[in-house]
Amino acid sequence: MHVGPSFTSYRVQMAGIGENIGFASPEFLEAMKYSLEGLLRVAGADDAYLPFILPGSGTVAMETVSSILPKGTRTLLLTNGVFGDRWIPIMSSHGLDLDVLSAEPGKAVTVDDMEKKLETGKYQNLIMTHVETSTGVRMDLEKIVPVARRYVERIIVDGVASLGAEKEDVKKLGITAVISASQKALGAPPGAALMVVSRSALDSINEFSYFFNLKNWIAPMERYLEGKNGYLSTEPVGVILSLSKVFSDIEAMGLDARIEEHRRLTMALNEGIEAAGLRVLADRQLWSNTVTAVLSDHADDIVKRSMELGVEFATGVHPKLIGKYFRVGHMGYINDFDALTALSVIERTASYCGERVKIGEGVRRAQEVLFEMTDRN
């Protein structure tokens, strides 16, 4: 139950194992084409967008997608935590102008605060994180993006901890680009940086690098979409074979159903945590489908004791709350029993550490939520 890599499945892992499969093998080219098409579907994009799968991680996607921001333009960053803040050194290292609007831990930058900044007319670009992994806070894209579109030309959404478990709808909302990574909400192994970018934004690429320059990846991705070899750099072959299985699973289940299942498990976990006597960091209306931050003065001990019981959580990383909270990842191939096990372990370890926890109450409430939110038709 870590925040990344997330839960995957044996079927997804086994799909990534093959004998002598290279980046020009028919098996890989088929998987790459299907994964690129699947990435477009999950992002809610169409042919007006180009999908990219690169070797790397979410940070690779962040740095690479920033090449669509022309020098001489100014960007407003909305950040709700540590990973939103990561855009600051990335932008600075490439000489891109950036102003920052941030929120306290567990809170989110508001639409009103954003609009006040954008009304100044200083900005051509906006960057935001859909789900902040350090705090579990989710931003409401359907409220924020339409307002931002009135003022800026380009909107980049960091969907590293959301794509595949939250609704992105890039085409409908007019989002310029969304980024993600293989090992988070999608539930594949780590090793692939994912991007979906409006083709119109590819006409003014800021060529500040070689590997991190999207211009160099356009032709390879176009070739892969045709089922042809698009080699520029060796792709993570096994990861893409696994990703292909993930996108097949999503297509079979239906994206809306998958998102709703993540929401169901979120409500069970979070209501269970609070019924047990602990508190979720994020305000309720900001709860995300993928990450929950739990407040406790014994957070690091809870994480350590949970590991001894066979369940892995993540320590808190927000500098204002170090040692005061821990994080639970609930994305990818998680199910009811994973959630109930996690709650049982949290109750026991928190109690061992001195928290005033109501043993069994969290699990009981989670069971009720799971029952109430299960479609029994």
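The preceding data block contains the structure.
What counts, and where the lines are drawn
Residues numbered from 1 in each chain as written. Predicted model: local features only at pLDDT ≥ 70, side-chain atom pairs only at ≥ 80, totals over all residues. Heavy atoms only, no water. Pairing = 2+ DSSP bridges. Helix = DSSP H or I, 4+ residues; strand = E, 2+ residues; numbered from the N terminus. Axes fitted to C-alpha atoms, helices over the stretch in contact; angles between N-to-C directions. Contact = heavy atoms within 4.5 Å. Phe/Tyr/Trp six-rings, centres within 6.5 Å; stacked < 30°, edge-to-face > 60°. Lys NZ or Arg CZ within 6 Å of the ring centre and 35° of its normal.

Visitor: Run through the sheet that holds strand β7 (residues 154-158), naming residues and quoting values.
Guide: Across the sheet, which stays open at both edges, the seven strands sit in the order β1-β9-β8-β7-β4-β2-β3 with mixed pairing between neighbours. Each having just a single partner strand, β1 (49-55) and β3 (97-102) make up the two edges of the open sheet. Direction aside, the axes of adjacent strands within the sheet are offset by 15° on average. Here three bridges tie β7 to strand β8 (residues 177-181), and the two strands are oriented parallel to one another. Paired with D158 across the two strands is I179, which belongs to β8. Helix α3 (residues 58-65) contacts β1, β7, β8 and β9 (192-198) of the sheet and is inclined by roughly 155° relative to β8. The sheet contacts of helix α6 (residues 111-118) involve β2 (74-79), β3 and β4 (125-129), and relative to β2 the element is tilted by about 165°.

Visitor: Break down the sheet that holds strand β11 (residues 291-295) for me, citing the residues and quoting the values.
Guide: With antiparallel pairing, four strands are arranged side by side in an open sheet as β10-β11-β13-β12. The two strands at the open ends of the sheet, each matched to only one other strand, are β10 (279-280) and β12 (314-315). Pairing analysis gives two bridges linking β12 to strand β13 (residues 325-329), with the strands arranged antiparallel. Note on β13: the bridge partner recorded for A314 is R327.

Visitor: Summarise the packing of aromatic side chains; cite the residues concerned and give the values.
Guide: Applying the stated criterion to the full structure yields five aromatic pairs. Taking the centre distance of 6.1 Å and the plane angle of 85° together, the rings of F28 and Y224 count as edge-to-face. Here F28 is found in helix α2 (residues 26-43), whereas its partner Y224 is found in helix α9 (residues 215-225), with 196 residues between them in sequence. Arranged with centres 5.4 Å apart and planes meeting at 85°, the rings of F211 and W217 form a pair that is edge-to-face. It is R41 that lies over the ring of Y34; its NZ or CZ is 5.3 Å from the centre. Against the face of Y333 rests R258, its NZ or CZ located 5.9 Å from the ring centre.

So, to be careful, I would describe these as geometric facts and stop short of saying anything about function.
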